[in-house]
Every structure is written in C-alpha cells, then in structure tokens.
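A look at the structure
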Amino acid sequence: MLRIYQNTYRRTARKAVVYSTKVICCNHSTLCNITRQPRRNGAGAQWEQHHSRSHEQFLLAGNQARGWTIPPHSRGYGMFVVRILKGALKLRYLVLGGAIGGGVSLSKKYEEWKEGLPDMKWLEVALPQGERWSQFSQNLIEMGSVVKNAIDIDPRLKQLGEDKLSEWRSWFDSRLDDAIEAADYQGNQIVETKEDIRSKTTVAALGIPADESRKKYEKLQSQVETLQTEIMNVQIKYQKELEKMEKENRELRQQYLILKTNKKTTAKRIKKSLIDMYSEVLDELSGYDTGYTMADHLPRVVVVGDQSSGKTSVLESIAKARIFPRGSGEMMTRAPVKVTLAEGPYHVAQFRDTDREYDLTKESDLADLRREVEFRMRASVRGGKTVSNEVIAMTVKGPGLQRMVLVDLPGIISTMTVDMASDTKDSIHQMTKHYMSNPNAIILCIQDGSVDAERSNVTDLVMQCDPLGRRTIFVLTKVDLAEELADPERIRKILSGKLFPMKALGYYAVVTGRGRKDDSIDAIRQYEEDFFKNSKLFHRRGVIMPHQVTSRNLSLAVSDRFWKMVRETIEQQADAFKATRFNLETEWKNNFPRLRESGRDELFDKAKGEILDEVVTLSQISAKKWDDALTAKLWEKLSNYVFENVYLPAAQSDSFNTMVDIKLRQWAEQALPAKSVEAGWEALQQEFISLMERAKKAHDHDNVFDQLKAAVVDEAIRRHSWEDKAIDMLRVIQLNTLEDRFVHDKTEWDQAVKFLENSVNTKLVQTDETLSQMFGPGPWTRFAHWKSLTQDQQKRRSVKGELDKILKNDVKHLPSLSYDELTTVRKNLQRDNVEVDTDYIRQTWFPVYRKHFLQQALQRAKECRKAYYLYTQQGAECEVSCSDVVLFWRIQQVIKVTGNALRQQVINREARRLDKEIKAVLDEFSDDEERKAHLLTGKRVQLAEELIKVRQIQEKLEEFINSLNQEK
C-alpha cells in the first residue's frame, strides 16, 4: 500500500511540474512550444539554456524600444539580478503549480472513487425521512433497552458469541495481512478489481493509517453483508411478484392461443412454432442414415450425470411435469430421450410416432405416459443389452415453458451389477461422449450435492469433451441434503468453480424434491423456494449470487444459451447441406440422366399400383382358360388317388362296379372337396404368377420392383385361404355328379376313352421310369453311354424274368402273388445262384404288375373306343368290358362340374379376396421401413433416397432460418 501511495505521489508531482512550466512560459509575448519533461539525458539543461536566452533577448528588446542605453558592465550586473529574481519567481511558480496540479489530480481520483461506489439512492425511497426516521430510531432504541432488561442472556452464550466474533476478526486480519504481503511481492501476478484499486489508492492518497482503514473496511464489510441480505429479500419479493405477473400473462396467453386455435383454418395452414420446426429438423437428421455426421453438429442440450444424481428430476423441473418413471436405485433411463419443450395453451405431451396427447394436468395421463416411456425403453433394449442407442422422441407443450431441445442420457455408472450386460459401462461412456463431442451441444452437467465430490465420474468426462468450459453449465442438485452433510466451504468452492478442475459457463444450485415419488412439480418448486429463502448456507452466508439458485433461473439460462448457440451455428449447417445437395445432384445426373429421383416411398407406391393392376387382370381371363387351368390342376391333384385307391383296388375285386361306387362315395364325402379347393387355390396362384411373369417381359418394365412384387405375392398367397363354405357346396355337387353312371352320348364316350388313354399313358411313363431305375438302363443305353448294371440291378432283372413268365402264362393274373408262386420264383432263382427273399420278390412284382395292368387297360380302352352303341344296348352285360371307360367318364364329369364351380368362385369372390389380402400386405409393408429398405435396393434407390432426404432437411433448415430471422 505504501508503494502504491508513492507511485501516486510521483505521478501527481510530474503533472504539477508540467502545469507550472506552462504557466511560466505564458509570461512571454509568444507561447513557448517546449514543454518541461522529466530530467532525462540532458533535456533539463537544454530547457534552461533556451529560457535564459529568451529572457535576455526580451529585456534588451524592451530597453531599446524605450530608448534606454545600458553600459556593458551595468548590463552584466543587471542580468545577474534578473537571474536571481527569475529563480525566485520560478520557485514560486513551481510550488504554486505543484499545489494546484496535485489538488486537481486528487480531486479527479476522489470523483472516480465516488463514482465506483454502489448507488444508494434507492435507500432514500425505501427508508423513512425526517421526523419519521427520528421516531423510528427512537423506537428501536427503546425496544432494545426493553428487550435487554427483559431478557437475561446466558453468559455462556454471550462468551460464545464474543469468541466467535474474535475468531472471525482474527480470520479477517490474517486474510488482510496475506493480501498486503501478496501485493508487496513483485513476482506474484495479482488480479484486482477496479473497486479494490480505487479503494487502496484513495486510502494511500489521503494518508489514512492502516488500523483506521482496516476498521473502516470491517465496518463497510458488515454493511455490505447487511445490504446483501436485504437485496436478497427484495429480490425474492420481486421474483414472487414477477412470477405472479407471469402466471397472469400465461393465463391471458393461454386464452389467446385457445381463441386463435379455435378459429377456422380451412384456407390457412396453422403456422408451426419455432421450436417445433427445429425439432423436426433434428428428427430428419436422426433418420439421415449416412456417414455424414451433420446431425451431431446442431445444438441441443445434453443432460449428463452419474446414476441417481438427479438428471431426470432436473429435466422434469424444466418441463414442469413428472413425465419419467421412477425406480429405487434401479437404472431407469436405458435409452436417449429427446424432449422438445414448446409453448402452448395446454400442458400436454406427445410421442413423435403417435397421435395421442397426454394431459399432464391429469394424474391418470401422467401414469400412462410414464408406463409408455418405460415400455419403450425396455423395448429398445434387445439382444441381452442393458442400454440402447435408439432415441425416444417426445414433445412437451405448455404455458410458460422455455423453448429448447434436451436429450436425457443414461446415468454414468462406476460398477456393474450381475443383471447388466458386460459392456454396459463402456456403452454408456461411449454414448455420453458421442453426444457431448458435438461442438455445438450444450452440456448440462449434473452433480449430486449429497455425495462426496471425489466420487463424481461425470466431471472428468465433461472436462475431456469441453476443457475450456465454453458450452458447459454446472448444476448442483440435492443442496438441501448438502446443507446438512457437506462442508460450507466445499459448497462455496463447487459453486464458484474452484473445486473441480473443469470449467463452466455458469454454476447453479437446485433442489429436485424431498425424495417422495408422489410429490407434484408445484410442491417441489414451493419446497425449493422455501429452502433457498430460509437456508443458512445460501441465504445468510452469501455463498452464491441469487441468480444462481432455483430451477427457474436454470431454465432461463439454459434456454438463453441454447438459442444463442442455434443462431450462431444454423447458417453454417445450412451451407454445408447446400454443398452436399449439389454433389448428390451432380452424381445423379451423371448416372441416371433420364430418370427422375424417386425415393423408396414413391417406388413402393408405383409397385403397389402395378401389383393391384395385375390383380384386376385376373377378372379378364376367359372362362375357357380358367376351365383348362382348373381341370389340369384338379387331375394333377386327383389322379394319384384315382389310380391307387379306386381303379387298382376295384380291378382286384370280382365286382368292379360295386367297388368303384363304394370308393367314389367315400372319396366324395371326405377328401375330394378339400383337394378340389386346394387345386383351385393353386390354379389361382399359378395364373396370377404367370401374369406377373408376363409383365416382366414388357418393354417398359422396371426391374427395381421385382423383388418387392415377389415378396408381396408370396406373403399374400401364404395368408390367403379359400372360403370354408365352398367345401360344403362342392361336396353336394360332387356326390350328385357321381351318382350318374350312364354315358349320355357318343361325344362324351369318346372324350372318356381319350381321357382314359391319356391318363394310362401318363402312368405308363411314370412306371417305366420306376422300372428303369430298378432294373438299370437297356442294352443300347449301356453301349452308347458306357454304363453297366449294378449287382442289385442284375438281381432285379433275374427276378423280373421269372415274374414275366407268370404274367405270360396268366394274363388276367391278380395284383398279388400267392405263396406257391413266391416259392417257385425263389427256387428257380436259386438254381441260377441268385439268393432273394419273398419281400424282395414282392417289391419287384408291384411295378412289373402295374405296367402289365396299365398295358391291359390301354388295350381295353382301344377296344371300347367303338363299343359305345354296343354299351348302350347291352349295358353292363356287354361282351366288351368297358367299366374302365365308365369310371373315367364319371371322374371326368366330376372334374368338369368342380372346375366350373371353382371358376365361378375365383371370378366372383376369391379374386376380390386376394385383392384385399394383397392390399393388406402392401399396407403392412408400407409402414415397415426396414422391409422396404431390404426389398427396394440398388445404387439408384440409395442415391435417390439420400438426395431426397438432403433436400427435405435443407428445406426445413431454410424454413427454420427464415422464421428465426423474422423473430429477431
């Protein structure tokens, strides 16, 4: 302090010398341009010589003008006297100039110090004046004396108060001495405020002793503390009035918004709010699946903190609603939750992908909302994971909400439990770093005030991502518990940014509740307000400034910083998207110059139209074509049963027609209707697929739809089923048809014979293939293709030779071999050294006999071709046995009437039902983005999809920027 006084005095003296020099120079008839400077490098001697010569020349010029003549020796004497007088006058001027200059400088310093003091004019208004003040002071003095006489203070308490006061005084003296020693130490860099410098300079300049200045400083310090308490009370009172006015303003604004919303808006589109537009931009960017990380460059508020530190409670306090599920120590936040806060007439919440609005003023809706959030969080965790990167997006609107976008992340853990996945800790760290690494993200760092600061994990992560603290806001939660548990000095250090190595834009203290799950937001806010009003730690000791407390001040600060960041960065992001769009458009023009950019949704709609057009084409197929297709499919389904279960068993019996009647009736009552429906459905499917295949051969066909069309058709066919009542209807028709056993005309007879021949020939071909595999190739094939028979084939050929002998001897042999015949064949083979058993002989007999039987049937069909008239005359007693022809005529009639019934069902009902099935599948596929991305692939689709997405994002960004500029 002494050094500061000396420096001040020297500066004052220099100014005084300069001022006095100017006064002396003004005695000349012309103003001297040389100003007295500090004596440095001979400058003072030059100044003296200049003024000596100038004074001598002045005197000589004056004497000559008056006509006086002075002798040389008298002149030298006179000049000596003049020099003496000049020195005396100079000394007078120096003293006078120094006094005046010092006074002026001191006056200026005093005025500067006076201006630096706080404005106390408001006390003149707040405090009473004149007689009222005197009366008030007198009343206080009398009251003090009365209380002093009435209350007997315990000496121990009095001694304790005096000890505490002396302790505070010694602490303050030690701090003041340390400050003085630090000021004297030249190597130490001291950062002082303007008020400190002014006060120290003034004290040194006025020459006030150190003890007296210390006492005055202590007195001023006590006055400052008293004023700080009064200011806080006034601010609390003002804040209450402000909140009351804001509540009234919200109610008025709510009524205005309701009236505005209820207006007819048929011709006009309702304008979106600024925050809704910004949230839509973030949603578009979150779905922008590419390597371009533009989405991470847009501002949003990232809420990070240790598990159970109060992150979610802080977010709920800002949103003014308890919208998240609660758990006792359990990890509840398992996925990022993006909450968009916006102003609106009603306090409601809504998820991005649903239309339901939850009324946050109703406890039932709040409970439903919390259950839905918990369900979505658990549903997002798949494959044994504990946390997920899938974002749950929701919007909360209400009167007075600060507009911003917040992202609540899972809490950082230091230890994993047995029910967690092995990578849970690393996944949470990576997720938190990913969101905080966004250079424009505002980090809301949540620190639990009820635990030791050294146990915090989040501060290290925040310091790594934002070491300078340019986008971090520190929030100390649960300060109501911290007041009871923590050291006040540590709390002061935390909130002043001196305990943690991390830096932040601001430090805030909030109370997030009393630990009760059923407390409302209003109750929590009232508890917070009462706590900060009555807290010894925050109210009476002046630990923090009033604007650093309450969730309301935190919400205002975060919202202000959020919009400031948005305004600073949004233009840069829009320019980057313009460049990306230009590059994509150039690539499209180079690769697909004649095609328009069609995204997956547009391509899907086009493919949907083509598929439905093909369904309509089904109704344009001719009746003859349907009959041919259904007949072919029916016989394909029924032929095997007719031969194996009706024709061959009836041929083994003595009464062929009776056996046929029994078999056909059983078939018609049980399996035939269902088989017929199955054949009709397969025929419908086959025709529809053939239509799709023909469409592929068109000149304007686009193969980008092929995979999607095939998947839709397959899914629709798999789901489609024929009407159940069709089976009952077909059963009646088929039974009535099979009752007719008489061929009516020659045409039908010829058709039946032809049908029999074709069917037998088809079975003969199949039987020959079976025999070829059993007996091996013939001699010519073996010679031409260099093949040989296997040992089993040779043995089969030996058995066949013996069986052919039996059939040659008995053309009308029964379908089975007798025991004697089996023994004879085996013994004959043994003579040729071929050992076989009876089962082996029977296996060989079945295909051999079938071929023999089919050949006999084909021969009978040829004989019956011209026997129609003989059949009509003799009937069953006909010499030529034509029961086979009658059987196949009955089968043919059943197929005809069944095909006709199926065709009518296809045209009238099943085609329309298939159309509905296909539409349902298409609607389901249209909502499944993952399936569409899997079915519509290729460079063309991917490039068009990315280009359309970039255009949408750029348009939304430009719309948002225009609205933002208009709001400015």
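Residues numbered from 1 in each chain as written. Predicted model: local features only at pLDDT ≥ 70, side-chain atom pairs only at ≥ 80, totals over all residues. Heavy atoms only, no water.

This part takes up unusual backbone geometry. Its identity is not glycine, yet lysine 478 carries a phi of approximately 55°, on the positive side. Along the chain, lysine 478 falls in the loop between β8 (472-477) and α14 (479-485). In the Ramachandran plot, threonine 550 falls in the positive-phi region, its phi being about 75° despite a non-glycine side chain. In this fold, threonine 550 is placed in the loop between α17 (536-540) and α18 (551-591). Residue classification places threonine 550 among the buried positions, given a relative accessible area of 11%. (Helix = DSSP H or I, 4+ residues; strand = E, 2+ residues; numbered from the N terminus. Buried < 20%, exposed > 50% of the residue type's maximum accessible area, 1.4 Å probe, protein only.)

Attention now moves to the sheet that holds strand β3 (residues 348-351). Pairing within the open sheet is mixed, and its nine strands lie in the order β4-β3-β5-β2-β6-β1-β7-β8-β9. Of all strands in the sheet, those with a lone pairing partner are β4 (358-359) and β9 (506-509), marking the two edges. For β3 and β4, the ladder comprises two bridges, and the chain directions are antiparallel. From the neighbouring strand, alanine 349 faces β4, where its bridge partner is tyrosine 358. (Pairing = 2+ DSSP bridges.)

Let's shift gears to the packing of aromatic side chains. If you walk through the whole model with that rule in mind, you get 18 aromatic pairs. Measuring from centroid to centroid gives 5.6 Å for tyrosine 278 and phenylalanine 562, while their planes differ by 85°, and the two rings are edge-to-face. Of the two residues, tyrosine 278 sits in helix α9 (residues 274-286) while phenylalanine 562 sits in helix α18, which places them 284 residues apart along the sequence. Considered together, tyrosine 278 and phenylalanine 562 belong to a single accessibility category, that of buried residues. Ring centres of tryptophan 563 and phenylalanine 960 lie 6.4 Å apart, and the angle between their planes is 25°; this geometry places the pair in the stacked category. Taken together, the residues span a long stretch of sequence, with tryptophan 563 in helix α18 and phenylalanine 960 in helix α33 (residues 939-967) at a distance of 397 residues. Neither tryptophan 563 nor phenylalanine 960 differs from the other in exposure class; each is buried. Aromatic ring contacts, followed pair by pair, group Trp635, Phe643, Tyr647, Phe656, Phe755, Trp845, Tyr849, Phe853 and Phe888 into a single cluster. Taking the ring centre of tyrosine 840 as reference, the NZ or CZ of lysine 795 above it sits at 5.8 Å. When the ring centre of tyrosine 840 is taken as origin, the NZ or CZ atom of arginine 796, which lies over that ring, is 3.8 Å away. (Phe/Tyr/Trp six-rings, centres within 6.5 Å; stacked < 30°, edge-to-face > 60°. Lys NZ or Arg CZ within 6 Å of the ring centre and 35° of its normal.)

The next subject is the pattern of salt bridges. For side chains bearing opposite charge, pairing can occur when the charged atoms are close. Within the structure shown, the criterion is met by 45 salt bridges. Of the charged contacts in the structure, one is a salt bridge between aspartate 368 and arginine 356, with a shortest N-O distance of 3.2 Å. Of this pair, aspartate 368 sits in helix α11 (residues 363-380) while arginine 356 sits in the loop between β3 and β4; the two residues are 12 residues apart in sequence, bridging distant segments of the chain. By relative accessible area, which is 23% here, aspartate 368 ends up partly exposed. Relative accessible area serves as the criterion here: at 40%, arginine 356 is assigned to the partly exposed category. What you see here is one network of salt bridges that share partners, running through Lys633, Glu636, Lys637, Glu678 and Glu682. (Salt bridge = Lys/Arg side-chain N within 4 Å of Asp/Glu carboxyl O.)

All told, the structure shown has one disulfide when counted by the stated rule. One disulfide in the model links cysteine 864 with cysteine 882; its S-S distance is 2.2 Å. Around the S-S axis, the bridge from cysteine 864 to cysteine 882 shows a dihedral of about -105° and counts as left-handed. With cysteine 864 in helix α29 (residues 838-864) and cysteine 882 in the loop between α30 (868-874) and α31 (883-927), this residue pair connects regions lying 18 residues apart in the sequence. Each of the two residues, cysteine 864 as well as cysteine 882, counts as buried. (Disulfide = S-S within 2.5 Å.)

Taken N-terminus to C-terminus, the directions of helix α20 (residues 623-652) and helix α25 (residues 746-775) make an angle of 80°; their axes are 12 Å apart at the nearest point. Judged by the inter-axis angle, α20 sits roughly perpendicular to α25. Here Trp635, Ser639, Asn640 and Phe643 of α20 come into contact with α25, specifically with Phe755, Ser759, Val760 and Lys763. Along the lines of polarity and charge, the residues of the contact of α20 with α25 split into four nonpolar, three polar and one charged. (Axes fitted to C-alpha atoms, helices over the stretch in contact; angles between N-to-C directions. Parallel < 35°, antiparallel > 145°, perpendicular 65-115°, else oblique. Contact = heavy atoms within 4.5 Å. Nonpolar A, V, L, I, M, F, W, Y, C, P; charged D, E, K, R; others polar.)

Moving on, we come to the packing of α18 against α33. One way to put it is that α18 packs onto α33 with a least axis distance of 9 Å and a crossing angle of 150°. By the angle class used here, α18 and α33 are roughly antiparallel. The handedness of the crossing between α18 and α33 is left-handed. (Left-handed = near helix turned anticlockwise from the far one by under 90°.)

Let us now look at the pairing of β8. Each regular strand displays side chains that alternate between the two surfaces of the sheet. Counting buried positions over the six residues of β8 gives six, a clear majority of the element. Neither face of β8 is left uncovered, since the one carrying Thr472, Phe474 and Leu476 and the one carrying Ile473, Val475 and Thr477 both have all their residues buried. Alignment of strand β7 (residues 442-448) against β8, held across six bridges, turns out to be parallel. Across the sheet, residue isoleucine 446 finds its bridge partner in β8, namely valine 475. Pairing analysis gives four bridges linking β8 to β9, with the strands arranged parallel. Counterpart to isoleucine 473 in the pairing with β9 is glycine 506.

This part takes up the nonpolar core. Counting residues in hydrophobic clusters, the biggest one holds 100 residues, and the most contacted among them are Trp749, Leu887, Ile891 and Ile918. No other element matches α31, which puts 16 residues into this core. Here isoleucine 918 is in contact with Ile611, Leu612, Val615, Phe688, Val712 and Ala716, once residues within four sequence places are set aside. Counting 66 residues, the second largest nonpolar core, distinct from the first, contains Val314, Ile442, Ile953 and Phe960. (Core = buried A, V, L, I, M, F, W, Y, C linked by side-chain atoms within 4.5 Å.)

The next point concerns the confidence of the model for the protein chain. Looking at the protein chain, the pLDDT average stands at 75 and 69% of residues meet or exceed 70. When mean pLDDT is compared element by element in the protein chain, strand β1 (residues 301-305) scores highest at 91, while helix α1 (residues 2-25) scores lowest at 39. (pLDDT = per-residue confidence, 0-100.)

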